[in-house]
Amino acid sequence: MTGSLAARAWADELTALDFDVIPVRPGSKLPLCKGFGTRPPAEQWLDAPTDANIGLRGGGALLSVFIDCDEKNSLGTIATVQRILAGLGLDPDGDYPFVRTASGIGRQVYIRATQPLAGQSKLLRPGVGAGELRYGQSAYVVGPGSVVDDHTYELLAGDPRQLPKLTLADLRLFADVGAAQAANAEQVLEAQTPAPGKTPHIPDKAWCILRGYSADERQDASAVEQSAIASLIGAGHDYASVLALFVAYPGAGHFQRLRRERGEGHARGWLERSFKNALAWSETHTSPGRAAAQAALAWAEAQPWPGRTGSSDRAVFLAHCHIAWRAGALEYAASERTLAELAGIAGRQTGRAATARLLANGLLLLVKASVGQLAAVYKLANLSILAGKDAKTGQLRTLPTSSPPPCVEVGKVRNCPDAFRYAGLGKAAYEVWEQLQATPGLEAAELARRTGRNKSTISRALQRMADLFDPYTGECLPLVKQEGKGWLALDPDLDDVARAVGTYGAGERQNVQHQAERWAYQYTLDRKRPASEVDT
C-alpha cells in the first residue's frame, strides 16, 4: 500500500474512532486549510487531494493528547517519557499507541485526558527532555501512514482504539499544563506553581542528586533526597514537577527503592509528605543565605550602575542574588547558562565577563571553581561592604567603573519579559517601565538619576515605548504615556509587545538551547563513565 493510500486508510479508521483527523499537505507537515483548528474536519476534507497526509488534532470528543518526543534535540527523551508512563502502570509494549515519525528517531505517544485542558500545547519539562505535549485543537501531530521526505509515519506498538486516560496530575508529570476551569480538584498541591509558560530552573545541587552524582554514601538516602526536594521548592517547582523528576531519575535511591519494594502508592505518599514538610519549612523560615540575598538584591536595585558595562554587570549581579535566594544558602552554585537565562542576556560570554568584573570589584567571592559538570560556587559580598558610604558625599557607594555613562542596557532578572531583551526594547526600557510602575509621574531627568543612564537614553526609551505599535496589525501597544512633564506606565500584553518588536519566545528558545547543551554534555560524561556506574 502506498503512503497516500495508507494515510487515507488511517484517516477513515481514526475518524471512526472519534479522532479529529484533518488533511495535511502532500509530502509535508503543514496543514492544508487555513483555520484548521476551528473548521470541522469533514469540511476540510471536501477538496483535499487524494495524496494528502493526515494530522490528528488535540482535544475534541476524545480529549486527545499527544506526547511529541524530539530525540534529535535531547537524547533520552523517549526513554524518559516511557519511564514516566511505566511509573503510571503503562507498559511500553502495547498499553498506548507509539508512533515513529518520518525522521526515524522521533516518537509520538497517543493518550487521552480526563478533562479539558487550558491552551493548546506545552513544552516538555526540562527534566523530561525536548518536545511538546499537544492537546488543543490548534495543535496537531502528523498521523500514521503519512509520508514526509519519502519516509512514513508508522505505528510501532499499541492500538488507537484503546487510549489510556491520564488525569491532570499525571499529565503534569510531562509538562506544566493546567485545567480549562480555574478551580479543579485534581490539581495536586498547587503551591509554588510557576507562572504559565515559565519553566522553573533545576538547581545544580538538586540536579546532581537526581542524577545520582552527589549522594554521600555516609548519609541517609532519604535525607539526601529531602535536600533535593527543598532545593527544587526554592526554585519554584510544584509537586507535579518534583514527582516527574523523581520518577525519571534515580536520585539517591530512596524513592526508587520504595517504588520497587513497597509499590508506587507508598513511594508517592512519602514524596508528597516530604514535599509538604519542605514547603511548610520554607514558608516559615528565612535562612541566613536567603536573608543575605534579599539584602543584596535590595541594595543592587537601589543603586545606579553607570558605565559602559554597567547594564550587564547589574543584570548578572541580580541573577547571582536571585540564585542565592533560591538556594537559601550563603554559598551557591551558578552556571553560566543559568546566569544568562536569568539576566536575559544573549551570550554566556557576556555573563562570564560580568561575573569576572563583579569578582574583581569585590561584590562576589569565588568559593570553588567549576569542575566538570559542577558549576562554580560563589558567595555574595557582605552587605556592610556593599552599603559602605562615600566619605565625601555620604551616599551609598556605587559600582566602580572605568568608563563614563551613557550605558546601553540595565535591567532586572525576575523573569525578564521577552519584550525587553537586547534585540527588542532593551533593559534600559525595562527598568524605566518598572520605575514608573513603582512611582508614577517621574520625569526623564529623575529617571536618569535613578537608573544611572544618560538622559538622552531615557528619552529615547520613553519615546519608543510610547509610540510602539504592531507593524503587522497596526495595533497600538504603548507601554507608557506622558502627562504634563511626567510619565505613567501602562500595562499592555507583554507577549503582544514581544511579537511586535520581534523577540517573542527568545527566552524559551534560549532555555531549550541550553537544556540541549546540558543533555549533550551529560551524554558525553556518561559515555566516559564505566558501564557499571552509568544509570539505567
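As a reminder, the structure under discussion sits directly above these lines.
**Some points on the sheet that holds strand S13 (residues 331-333)**
Spatially, three strands are ordered S13-S15-S14 in an open sheet, and the strand pairing comes out antiparallel. In this open sheet, the two strands that pair with only one neighbour each are S13 and strand S14 (364-368). Each strand axis lies, on average, 35° off the axis of its neighbour in the sheet, ignoring direction. Here three bridges tie S13 to strand S15 (residues 377-380), and the two strands are oriented antiparallel to one another. Looking at S15, one finds that Tyr332 is bridged to Tyr378. Set on the sheet, helix H13 (residues 348-360) makes contact with S14 and S15; between it and S14 the angle comes to about 105°.

**Concerning the sheet that holds strand S8 (residues 140-142)**
Backbone hydrogen bonds hold the strands of a sheet together, and the pairing may be parallel or antiparallel. Taken in spatial order, the three strands line up as S1-S2-S8 in an open sheet, and their pairing is antiparallel. A strand with exactly one partner marks an edge of an open sheet, and here the two such strands are strand S1 (20-24) and S8. Recorded for the sheet is a direction-independent mean angle of 35° between the axes of neighbouring strands. Of the pairings in the sheet, the one linking strand S2 (residues 53-57) to S8 comprises three bridges and is antiparallel in character. Opposite Leu56, over in S8, you have Val141 as the bridge partner.

**Focus: the pattern of salt bridges**
Applying the stated criterion across every chain yields a total of 17 salt bridges. For the salt bridge of Asp176 with Arg172, the shortest nitrogen-to-oxygen distance reads 3.3 Å. For the pair formed by Asp176 and Arg172, the shared burial category is buried. Across the salt bridge formed by Glu272 and Lys276, the nearest N and O atoms sit 3.4 Å from each other. One end of the pair, Glu272, and the other, Lys276, are both in helix H9 (residues 264-284), four residues apart, so they sit about a helical turn from each other. For Glu272, a relative accessible area of 27% corresponds to the partly exposed category. On the accessibility criterion, Lys276 (43% relative accessible area) is partly exposed. Each of Asp68, Glu132 and Arg134 takes part in a single network of salt bridges with overlapping partners.

**A word on the packing of helix H3 (residues 77-87) against helix H7 (residues 239-248)**
Where H3 meets H7, the axes come as close as 9 Å, and the angle between the chain directions of the two elements is 105°. With respect to each other, H3 and H7 are oriented roughly perpendicular. For the pair H3 and H7, the contacting residues are Thr80, Arg83 and Ile84 in the first and Ala244, Val247 and Ala248 in the second. In the contact of H3 with H7, the residues fall into four nonpolar, one polar and one charged.

**A few points about a negative patch on the surface**
Together, Glu475, Asp491, Asp493 and Asp495 give the surface a local cluster of negative charge. Position of Glu475 among the secondary structure elements: in the loop between helix H17 (455-466) and strand S16 (480-483). With relative accessibility at 41%, the residue Glu475 sits in the partly exposed group.

Thresholds, definitions, all that
- Residues numbered from 1 in each chain as written.
- Predicted model: local features only at pLDDT ≥ 70, side-chain atom pairs only at ≥ 80, totals over all residues.
- Heavy atoms only, no water.
- Pairing = 2+ DSSP bridges.
- Helix = DSSP H or I, 4+ residues; strand = E, 2+ residues; numbered from the N terminus.
- Axes fitted to C-alpha atoms, helices over the stretch in contact; angles between N-to-C directions.
- Contact = heavy atoms within 4.5 Å.
- Salt bridge = Lys/Arg side-chain N within 4 Å of Asp/Glu carboxyl O.
- Buried < 20%, exposed > 50% of the residue type's maximum accessible area, 1.4 Å probe, protein only.
- Parallel < 35°, antiparallel > 145°, perpendicular 65-115°, else oblique.
- Nonpolar A, V, L, I, M, F, W, Y, C, P; charged D, E, K, R; others polar.
- Patch = residues over 30% accessible without salt bridge, like charges linked within 9 Å, V, L, I, M, F, W, Y side chains within 5 Å.
- Areas by Shrake-Rupley, 256 points an atom, 1.4 Å probe, with all protein chains shown as cover.
- Lys, Arg positive; Asp, Glu negative; His and termini not counted.
- Charge placed at Lys NZ, Arg CZ, Asp CG, Glu CD.

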